[in-house]
Amino acid sequence: IKKHKFPFEVNEFSFSPNSRHMILTTELGTVEVYKFIVGGNLKHVRSIQAHTDNCYTLDIDPTGQFMAVGSKDSLVSLWETDDLI
């Protein structure tokens, strides 16, 4: 088992439908996408400014096509997972 220290508060995470990525919501209003690489390490893939305030929750639909992100700014945003990973 490995640990990874992030430079921000992680509120929730989910594995991508193909289990090759980890998607995090943060206190910064961002969604962070990391890829699993050899040795169990993580490589930062992209950062998306999803909201203007703390992102608290995320969920990926059963088909793996869409992801919803909920935030303190009282909004829920909907994303296509193909655009993220």
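You'll find the structure just up there.
In this text, all values refer to a predicted model and were calculated from it rather than measured experimentally. (Residues numbered from 1 in each chain as written. Predicted model: local features only at pLDDT ≥ 70, side-chain atom pairs only at ≥ 80, totals over all residues. Heavy atoms only, no water.)

1. A few points about the overall build of the chain
1) Next: The helix and strand tally for the chain stands at one helix and seven strands.
2) Next: Its helices and strands in sequence order give the chain the pattern β-β-β-β-β-β-β-α, from N to C terminus.
3) Next: Since a compact globule built from 85 residues should have a radius of gyration of about 12 Å, the 12 Å found for the chain is in line with a globular shape.
4) Next: Judged by the C-alpha coordinates and their principal axes, the chain covers about 40 × 30 × 20 Å.
5) Next: Among the 85 residues that make up the chain, the fraction classed as buried is 39%.
6) Next: Partitioning the intrachain contacts of the chain with sequence separation of at least 6 by distance along the chain shows that 30% fall at a separation of at least 24.
7) Next: Working note: accessible area of the chain is about 5500 Å², and carbon and sulfur atoms make up 53% of it. (Helix = DSSP H or I, 4+ residues; strand = E, 2+ residues; numbered from the N terminus. Rg over C-alpha atoms; globule rule 2.2 N^0.38 Å. Buried < 20%, exposed > 50% of the residue type's maximum accessible area, 1.4 Å probe, protein only. Contact = heavy atoms within 4.5 Å. Areas by Shrake-Rupley, 256 points an atom, 1.4 Å probe, with all protein chains shown as cover.)

2. Points about the sheet that holds strand S2 (residues 21-26)
Pairing between sheet strands relies on hydrogen bonds along the backbone, with the strands arranged either parallel or antiparallel.
1) Next: Reading across the sheet, the four strands line up as S1-S2-S3-S4 and stay open at both edges, with antiparallel pairing between neighbours. The sheet is open, and its two borders are formed by strand S1 (10-15) and strand S4 (41-49), each paired with just one other strand. Between one strand axis and the next, the sheet turns through 25 degrees on average, direction left out of account.
2) Next: Bridge count for strand S3 (residues 30-37) against S4 is eight bridges, and the pairing is antiparallel. Looking at S4, one finds that isoleucine 37 is bridged to asparagine 41. (Pairing = 2+ DSSP bridges. Axes fitted to C-alpha atoms, helices over the stretch in contact; angles between N-to-C directions.)

3. Examining unusual backbone geometry
1) Next: The phi angle at serine 19 is positive, at roughly 65 degrees, despite the residue not being glycine.
2) Next: Considering the arrangement of structural elements, one finds serine 19 in the loop between S1 and S2.
3) Next: Even without glycine at this site, serine 74 takes up a positive phi of about 70 degrees.
4) Next: Along the chain, the position of serine 74 falls in the loop between strand S6 (66-71) and strand S7 (76-80).

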